[in-house]
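Observations on the three-dimensional arrangement
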Amino acid sequence: MEKKILTDFDILIKGQLTVNLPIITIMILVFGGLGEFTDFPFFRNILISFVIGWISWGFLVKKWIEWAKKNDVSDERLLKIGKPGLLVWSIHTIETVTKHNKYPWI
């Protein structure tokens with residue numbers, strides 16, 4: 001079976017739906033849950049939501065990068081698409097996954 005050639009839009013949408021949308025949802029739910037069920041100050045709720053979002057990003061962006069690599073997307077193209085899409089910030093993030101098989105925490 002022949003692989004479908006992915007457009008930049010396909011790659012970006014996959015990243016938005018599998019990385020950014022879940023992270024935003026997680027952060028909102030954590031923030032709301034903390035506000036509803038704890039007496040933590042506002043700043044602490046934001047900080048905890050951010051930390052949990054960051055950890056989630058590390059797991060989810062790795063899955064997105066691995067998906068892209070399985071579909072023959074080059075590291076440079078992935079960076080070109082992912083950077084403006086707020087999915088990755090540098091080639092180091094992508095190489096951490098593709099060359100070292102690690103989670104990109106920073």
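A brief structural summary.

Rules and cut-offs
- Residues numbered from 1 in each chain as written.
- Predicted model: local features only at pLDDT ≥ 70, side-chain atom pairs only at ≥ 80, totals over all residues.
- Heavy atoms only, no water.
- Phe/Tyr/Trp six-rings, centres within 6.5 Å; stacked < 30°, edge-to-face > 60°.
- Helix = DSSP H or I, 4+ residues; strand = E, 2+ residues; numbered from the N terminus.
- Buried < 20%, exposed > 50% of the residue type's maximum accessible area, 1.4 Å probe, protein only.
- Lys NZ or Arg CZ within 6 Å of the ring centre and 35° of its normal.
- Patch = residues over 30% accessible without salt bridge, like charges linked within 9 Å, V, L, I, M, F, W, Y side chains within 5 Å.
- Areas by Shrake-Rupley, 256 points an atom, 1.4 Å probe, with all protein chains shown as cover.
- Salt bridge = Lys/Arg side-chain N within 4 Å of Asp/Glu carboxyl O.

What follows deals with the packing of aromatic side chains. As enumerated under the stated definition, the model contains six aromatic pairs in all. For the ring pair F50 and W54, a centre distance of 5.7 Å and an interplane angle of 40° mean the geometry is tilted. Within this pair, F50 and its partner W54 are both found in helix α2 (residues 42-70), separated by four residues, close to a single helical turn. For F50, a relative accessible area of 45% translates into the label partly exposed. By relative accessible area, W54 is classed as partly exposed at 30%. Both rings, one in W57 and one in W89, keep their centres 5.1 Å apart while their planes meet at 55°; by these two values the pair is tilted. Taken together, the residues W57 in helix α2 and W89 in the loop between α3 (75-82) and α4 (91-98) connect sequence positions 32 residues apart. Three or more aromatic residues joined by ring pairs make a cluster, and in this case those are F50, W54, W57 and W89. Cation over ring: R44 sits above F40, and NZ or CZ is 5.1 Å from the ring centre. The ring of Y103 has K62 lying over it, and the distance from NZ or CZ to the ring centre is 4.3 Å.

All right, on to a nonpolar patch on the surface then. Taken together, the side chains of F43, L47, F50, V51, W54, I55, F59, W89, Y103 and W105 define a hydrophobic patch exposed on the protein surface, amounting to about 980 Å² of accessible area. Within the secondary structure layout, F43 lies in helix α2.

Geometric descriptors of this kind do not, in isolation, establish any biological role.
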